[in-house]
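Remarks on the overall topology
So the chains spell out like this:
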Amino acid sequence: MTDWINVILQGVLVGGLYAMFAAGLSLIFGVMRLVNIAHGDLIVLAAYVALVTTEALGIGPLVSLIIVVPLMAVIGYALQRLILNRTLGEDLLPPLLVTFGLSVIIQNGLLALFTADSRKLQAGDIEVATFKLLEGVYVGILPLLQFAVAIAVIAALQFVFYRTALGRAFRATADSPPVAQLMGLDNRHVFGLAMALSLAVVAIAGVFLAIRADFDPSIGPARLIFGFEAVIIGGLGSMWGTFAGGIVLGVAQAIGAHINPGWQILAGHIAFLIILAVRPEGLFPRIRA
Amino acid sequence: MSVRVAFASRSSRVGMALCAVALVVLAAAPFWGGRDDMQLLSQIYAYVALASLWNLLAGYAGLVSVGQQAYVGLGAYLLFAFAILGGVSPLWAIPLAGIIAALVAIPVAGLVFRLRGHYFAIGTWIIAEVFRLLASQVSVLGGGSGTSLPASMVVGIASTRQMRESLVYWIALALVVAVLTLIVLLLRSRYGLALKAIRDSELAATTNGIDVLRTKVLVYVVTAFGTAMIGALIFFQRLRISPDAAFSVNDWTAFVIFITVIGGIGRIEGPIIGTIVFFALRQTLADLGTIYLLMLGVVAILVMLTAPKGIWGLIVERFGWQIFPLERTVILDDRSAGRGKQRPDDR
Amino acid sequence: MSESPLLFVRDLDAFYGDFQALFGLSMEVRAGEAVAVIGANGAGKSTLLKSIAGLLPARPDAIDFDGAHIGGMPAHAVAARGIALVPEGRGLFASLSVEENLLIGGQLKRPGPWSLQRIYELFPALGERRHFPSTALSGGQQQMVAISRGLMSNPKLLLCDEISLGLAPIIVRDIYARLPAILGEGISLVLVEQDIVQALKATQRVYCLQEGRVALSGAAKELTREAIAAAYFGV
């Protein structure tokens with residue numbers, strides 16, 4: 001019994017990380033109807049940036065967030081303004097193909113720079129620290145911290161979206177780009193800021209990913225898929241729905257892994273497909289006005 | 001005054017004549033070429049076919065899939081399963097694999113068509129991943145590390161090695177010709193007209209009585225059929241299969257997409273041009289490995305941003321050529337003037 | 001005394017792809033003036049406003065505003081210079097509440113008398129519904145939100161595209177009754193209207209467009225019904 005409690009708990013906690021993967025993805029889709037296929041690879045890029053930062057400056061991975069987050073935000077802004085803004089429009093193909101091309105470029109660029117060797121960021125004692133929740137049930141401090149950070153990130157995004165001028169600008173531009181222009185909003189700049197915010201979240205997710213597990217240039221697509229599955233399971237248009245979706249995915253994977261380690265990821269896909277078949281709008285969709 | 005629809009144009013007559021000549025030359029390859037030549041040509045045929053099918057799906061039906069590797073791998077695994085478990089000759093296994101893949105594609109379409117646009121694309125990727133993970137669970141076919149085709153299966157198809165290589169080469173050539181013919185026929189049929197309408201405006205197409213969903217499912221299933229057969233053939237030639245190779249995103253989707261983008265999406269000549277360019281680049285640059293893929297990505301992005309219609313798109317814009325007789329021209333026979341007047345109905 | 005007009009449109013052409021909508025159109029608006037632009041559907045009225053607002057391309061010298069060439073400038077830059085367009089169909093942001101729509105209107109933070117408080121004084125019904133989703137309001141109220149949103153940027157020139165569209169006559173009268181309060185602040189106004197009667201009452205000068213050209217122009221009080229009908233329908 002405690003076995004299963006541990007399994008579910010692990011699943012819930014990793015679900016927070018998946019929710020972070022998903023949050024950046026769904027923000028961009030909400031604001032500019034763009035699905036960034038390179039999203040997962042950008043998470044991995046952030047992990048490598050953190051690697052370089054920690055090695056060059058001799059600081060811990062959590063401290064490196066101070067550098068990695070703004071750096072990735074700037075990269076996001078530049079990426080949007082220089083390349084992705086040109087792909088936006090009626091046609092679905094250009095943004096899809098360009099972000100696909102970006103995915104290939106990032107993966108192979110990282111491969112060329114860092115080789116295919118697995119790397120990991122060392123966070124010290126916090127990685128193995130646990131505390132006892134119940135008899136036989138132990139909670140890792142790091143996963144708990146990561147879960148708390150995920151909640152904080154989602155709450156922060158909600159706040160930005162619904163209580164700040166920037167969030168108003170995002171929502172207005174998403175509703176109607178030409179009318180937003182009439183308000184004095186430069187769409188190119190607004191989209192740039194949205195991508196910057198998305199990559200800031202990606203940076204946080206990337207650093208936690210790097211501390212938690214081995215990473216190499218090829219693991220990007222899987223992160224994109226997990227994020228995407230979390231969004232679909234949770235339902236479009238709702239950040240907290242996405243959070244719930246991440247948890248459902250994490251738990252599904254944990255249960256699958258417990259039955260047979262080779263089934264971990266497959267279990268997640270199956271959960272996704274079941275939701276798609278039975279409740280395609282997701283578990284907690286917010287209906288758009 | 002009467003009206004008829006003609007497909008051929010002067011450039012397409014020239015193009016078709018050139019194709020006929022090329023076909024004769026290529027069919028004779030076992031006589032003028034060595035084994036390496038035939039292998040290279042087989043690879044080119046495979047990519048032309050895969051890219052043409054992807055183009056049908058994405059460029060004509062508007063269904064952008066980044067998961068076609070699902071059917072490449074499925075076709076390949078079905079062939080190996082038939083050969084190893086059923087003792088079925090590969091020659092029969094190829095079309096059989098295609099049919100079964102088409103049947104599998106129907107429920108898959110039922111699932112994945114619940115997603116639209118970008119989400120559909122990622123959905124197709126997930127399906128491919130599911131197929132890959134399932135394949136690595138099948139231990140009789142080698143599980144995660146894969147397996148080889150038994151020698152008896154290979155030897156059984158012809159008496160000499162020379163004959164075997166020629167036979168496999170001709171199958172590859174026949175397959176790509178069949179795929180292209182199938183695509184041309186589809187586009188010339190009323191389904192092809194429906195696709196054009198859907199591509200221009202789905203809403204208008206629906207209100208004109210076109211069953212959009214059925215047309216899209218049809219195209220998806222036909223594409224799965226063709227893709228699986230190509231996959232079966234490719235891995236038959238390789239004699240070895242593994243989940244990572246059979247369901248590789250790079251080999252069966254990234255390259256295919258780049259070929260189609262660079263050659264020209266939404267026109268049937270595009271993938272052919274793109275494959276030629278792709279292989280020309282590969283022969284000259286392949287040694288660069290990762291950098292090669294990286295450069296392909298850069299080129300694809302540049303093409304997408306500056307010349308989204310690809311190389312063939314630029315040629316069409318400039319000269320209005322077509323190689324395959326596909327453009328519908330409405331011809332009005334004006335009896336009083338005594339001559340037919342031509343007015344192309346689209347561009 | 002003749003000072004140069006606030007807005008001067010000079011030989012403006014406008015295209016939608018290959019289709020030409022405006023042919024060498026010229027017009028002007030002086031500071032503090034209210035000008036009506038009338039014409040049948042398809043005459044080019046909305047196209048004219050969109051070109052001025054920067055949503056359609058134009059030659060730099062085709063549109064002068066406040067002494068500078070603004071033709072072809074992007075819409076957000078034109079808005080920053082003091083032109084506000086109340087778009088056809090109102091164009092309210094569906095994801096935003098009434099107040100949020102107004103706040104976004106004011107996000108340029110141009111100096112001037114208009115603020116949330118003034119808007120709520122002018123339109124109390126909006127104040128009562130400030131947190132409602134903007135699309136939950138009646139047609140007339142939505143139009144008031146749209147106009148107020150334009151005012152929040154404290155523009156020098158307000159362009160209104162068919163504010164009577166789809167509204168009951170009594171509502172239209174109500175809205176037009178408040179226009180003087182708006183104009184009293186010295187804002188210049190261009191009113192594109194189907195409702196000719198209201199347009200002529202509210203403005204000093206009129207341009208009548210027909211198939212992308214100015215068919216008639218003059219003082220609102222002086223133009224006869226026959227002249228307008230002739231220009232409107234091109235008989």
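Everything numeric here is computed off the predicted structure, so don't read it as measured data.

**Points about the overall build of chain C**
- A count of helices and strands for chain C gives 9 helices and 10 strands.
- For 235 residues, the compact-globule formula gives about 18 Å, and the C-alpha radius of gyration of chain C, at 17 Å, lands near that figure.
- C-alpha atoms of chain C, sized along the principal axes, occupy 50 × 40 × 35 Å.
- The buried share of chain C, reckoned over its 235 residues, is 54%.
- Partitioning the intrachain contacts of chain C with sequence separation of at least 6 by distance along the chain shows that 66% fall at a separation of at least 24.
- Accessible surface, chain C as shown: approximately 10000 Å² in total, 54% of it carbon and sulfur.

**Thoughts on the interface of chain C and chain A**
- With 19 residues of chain C at the interface, the matching set in chain A holds 18 residues.
- Buried area between chain C and chain A, both sides added, is near 1700 Å², and the carbon and sulfur share of it is 64%.
- If you sort the residues of chain C by the area they bury against chain A, H76, F93 and I104 of chain C come out on top, with a joint share of 33%.
- Between the two partners, chain C and chain A, sit 1 salt bridge.
- Among the salt bridges present, the one from R171 of chain A reaches E100 of chain C, with a minimum N-O distance of 2.6 Å.
- The element that contributes the greatest number of residues to the side of chain C that touches chain A is helix α3 (residues 98-105) of chain C, accounting for 4 residues.
- Residue composition of the side of chain C that touches chain A, by class: 12 nonpolar, 5 polar and 2 charged.

**What about the side chain of K45 of chain C?**
Residue and element names in this part refer to chain C.
- Within the element layout of this structure, K45 appears in helix α1 (residues 45-53).
- Under the relative-accessibility criterion, K45 is labelled buried at 5%.
- Beyond its immediate stretch of four places on either side in the chain, K45 contacts V37, I38, G39, A40, E162, V192, E193 and L209.

**Some thoughts on the environment of V69 of chain A**
Residues and elements named next belong to chain A.
- Topologically, V69 is positioned in helix α3 (residues 61-82).
- The partly exposed category is assigned to V69, whose relative accessible area is 21%.
- Separated by 30 residues in sequence, V69 and T99 place their C-alpha atoms 21 Å apart.

**Some points on a nonpolar patch on the surface**
All names here are of chain A.
- Together, L57, V63, I66, I67, L71 and I75 make up an exposed nonpolar region whose accessible area comes to about 510 Å².
- In terms of residues, the nonpolar patch owes the most to one element, α3, which gives 5 residues.
- The class of I67 is partly exposed, set by a relative accessible area of 35%.

Cut-offs and rules
Residues numbered from 1 in each chain as written. Chains lettered and ligands numbered in written order. Predicted model: local features only at pLDDT ≥ 70, side-chain atom pairs only at ≥ 80, totals over all residues. Heavy atoms only, no water. Helix = DSSP H or I, 4+ residues; strand = E, 2+ residues; numbered from the N terminus. Rg over C-alpha atoms; globule rule 2.2 N^0.38 Å. Buried < 20%, exposed > 50% of the residue type's maximum accessible area, 1.4 Å probe, protein only. Contact = heavy atoms within 4.5 Å. Areas by Shrake-Rupley, 256 points an atom, 1.4 Å probe, with all protein chains shown as cover. Buried area = accessible area lost by both parts, 1.4 Å probe. Salt bridge = Lys/Arg side-chain N within 4 Å of Asp/Glu carboxyl O. Nonpolar A, V, L, I, M, F, W, Y, C, P; charged D, E, K, R; others polar. Patch = residues over 30% accessible without salt bridge, like charges linked within 9 Å, V, L, I, M, F, W, Y side chains within 5 Å.

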